Amino acid sequence: TTEYRDATILLTGTISQDQKLDKKNTYLLVGVVYLTNNAVLTIEPGTIIKGDLESCGTLVITKGSKIMAEGEETNPIIFTSNKGIAERKPGDWGGIILLGEAPINKMGGVNFLDFNLDSMMSQYGGQNLESNSGILKYVRIEYAGRKLNALKELNGLSLAGVGSQTKISFIQISYSNDDSFECYGGEVNLNNLISFRATDDDFDFTQGVQCNINNS
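About the criteria used
Residues numbered from 1 in each chain as written. Predicted model: local features only at pLDDT ≥ 70, side-chain atom pairs only at ≥ 80, totals over all residues. Heavy atoms only, no water. Helix = DSSP H or I, 4+ residues; strand = E, 2+ residues; numbered from the N terminus. Phe/Tyr/Trp six-rings, centres within 6.5 Å; stacked < 30°, edge-to-face > 60°. Buried < 20%, exposed > 50% of the residue type's maximum accessible area, 1.4 Å probe, protein only.

Draft legend 1. Summary view of unusual backbone geometry. Residue Asn 38 is not a glycine yet carries a positive backbone phi of 60 degrees. Within the fold, Asn 38 resides in the loop between β3 (26–35) and β4 (40–43). Unlike most non-glycine residues, Asn 116 shows phi in positive territory, near 60 degrees. Along the polypeptide, Asn 116 turns up in the loop between β10 (111–112) and β11 (123–124).

Draft legend 2. Geometry of the packing of aromatic side chains. Going through the model one piece at a time under the given rule, you end up with 6 aromatic pairs. Centre to centre, the rings of Tyr 175 and Phe 196 are 5.5 Å apart; their planes meet at 85 degrees, and the pair counts as edge-to-face. Within this pair, whereas Tyr 175 is found in the loop between β16 (167–174) and β17 (181–184), its partner Phe 196 is found in strand β18 (residues 187–196), the two being separated by 21 residues in sequence. What makes Tyr 175 partly exposed here is its relative accessible area of 24%. Take Phe 196: its relative accessible area is 37%, and that puts it in the partly exposed class. Ring centres of Phe 181 and Phe 203 lie 5.3 Å apart, and the angle between their planes is 10 degrees; on these two criteria the pair is classed as stacked. Taken together, the residues Phe 181 in strand β17 and Phe 203 in strand β19 (residues 203–206) connect sequence positions 22 residues apart. A relative accessible area of 2% means that Phe 181 is categorised as buried.

Quick look at the structure:
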């Protein structure tokens, strides 16, 4: 029921150097936004990021890069639809994808996500159990999970080859149009999660993921 501020800054294309998102601004993800080149994306508590409906706004943290999205209990970071209260629905935008270097059970030990992404920038997997894709803490993800075709939908949060040094806790995913949380291989530690009214699975696991979940 919250009405969020209109977006003031566009995020688009490839981010190849460190960048910080400030809570004084509201951001719009336009198309697939890739964080590359071992860059770090830091997001202040209370920051609002909207996913664009028309271009299926999606955030991809590629191998070696990190997202540092550490919200606060009373001041979470919010990823949401760019539509108004009465118009929001599951699948309004893509979602968040973290790609790491931890083991998966695919032939050759590496794979890429088939979500209409650039295959050179959507690879994941490796031999680093402790691969670190950053921090997601006190984050809400709403109305994600765009349906790409009859057999393929994005998830609220996709964790592919994510390693044990990645910190993911106090995450609420609401109204995802596919799974809320999906792990594709990796060595994943998850704490204090909520999946609310996903249209498919709340938690989904594949590709040999080794996952510990606490209080979810």
